[in-house]
Amino acid sequence: MSRQIPVGAVDELAPGQRKLAFVDGRSIVLFNIDGTIHAIDNACPHNGASVASGQLEGCVLRCPAHGLRFDLRTGCMPGVGGLSLTTFPVRVVGGKLVVSLGDPAASPAQAPACKSAP
Ligand code: FES
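Residues numbered from 1 in each chain as written. Predicted model: local features only at pLDDT ≥ 70, side-chain atom pairs only at ≥ 80, totals over all residues.

Looking at an unreviewed UniProt entry, the protein chain carries the name (2Fe-2S)-binding protein, with the source organism given as Paraburkholderia phytofirmans OLGA172. In the Sequence similarities (unreviewed entry) part of its UniProt record, the protein chain is described as follows: "Belongs to the bacterial ring-hydroxylating dioxygenase ferredoxin component family." (UniProt positions renumbered as here; feature names shortened; annotations may be inferred.)

(A) View of the sheet that holds strand β6 (residues 60–62). Ordered by their spatial adjacency, three strands build an open sheet running β5-β6-β7, and the pairing between neighbours is antiparallel. At either end of the open sheet lies a strand with only one pairing partner, and these are β5 (55–57) and β7 (69–71). Neighbour-to-neighbour, the strand axes of this sheet turn through a mean angle of 25 degrees, independent of strand direction. (Pairing = 2+ DSSP bridges. Helix = DSSP H or I, 4+ residues; strand = E, 2+ residues; numbered from the N terminus. Axes fitted to C-alpha atoms, helices over the stretch in contact; angles between N-to-C directions.)

(B) Inspection of the confidence of the model for the protein chain at higher detail. Mean pLDDT over the protein chain works out to 88, with 86% of the residues at or above the 70 mark. Confidence drops under a pLDDT of 50 for residues 106–112, and excluding neighbours within four residues, the segment shows 13 contacts in the predicted structure. (pLDDT = per-residue confidence, 0-100. Contact = placed C-beta atoms within 7 Å.)

(C) Representation of the sheet that holds strand β8 (residues 87–88) in the model. Taken together, the four strands give an open sheet; going across it, the order is β2-β3-β4-β8, and neighbouring strands pair in antiparallel fashion. The open sheet is flanked by β2 (18–23) and β8, the only strands paired with a single partner. With six bridges connecting them, β2 and strand β3 (residues 26–33) associate as antiparallel partners. Following the sheet pairing, A21 is matched in β3 by I28.

Below, the structure is given as structure tokens:
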């Protein structure tokens with residue numbers, strides 16, 4: 001069962017911005033991309049590096065450590081299969097950002113495997 005964790009006010013995260021939230025010893029990064037909020041675990045699935053400062057190209061985040069790229073909407077690497085970021089459902093409730101933990105949207109154990117592009 002998932003837990004609903006408030007991580008800040010929605011107006012603290014304008015389009016184009018990102019923020020870190022710490023919940024239960026876990027680091028989560030939230031991104032506002034054109035008004036859509038995405039939440040991911042702040043650990044690259046390749047080698048565990050923080051991805052919070054990674055370069056964004058649209059919805060694709062580049063890990064600052066070795067350059068692997070992940071689509072924030074799915075957690076998957078675009079164009080190739082394999083590793084995926086853990087993503088979390090996030091919604092706005094009463095002006096607050098609320099992340100669902102314990103029910104990852106794209107954890108490697110629960111999400112469908114990322115597929116290679118045709
Ligand atoms: S730790 Fe992210 S690409 Fe290697």
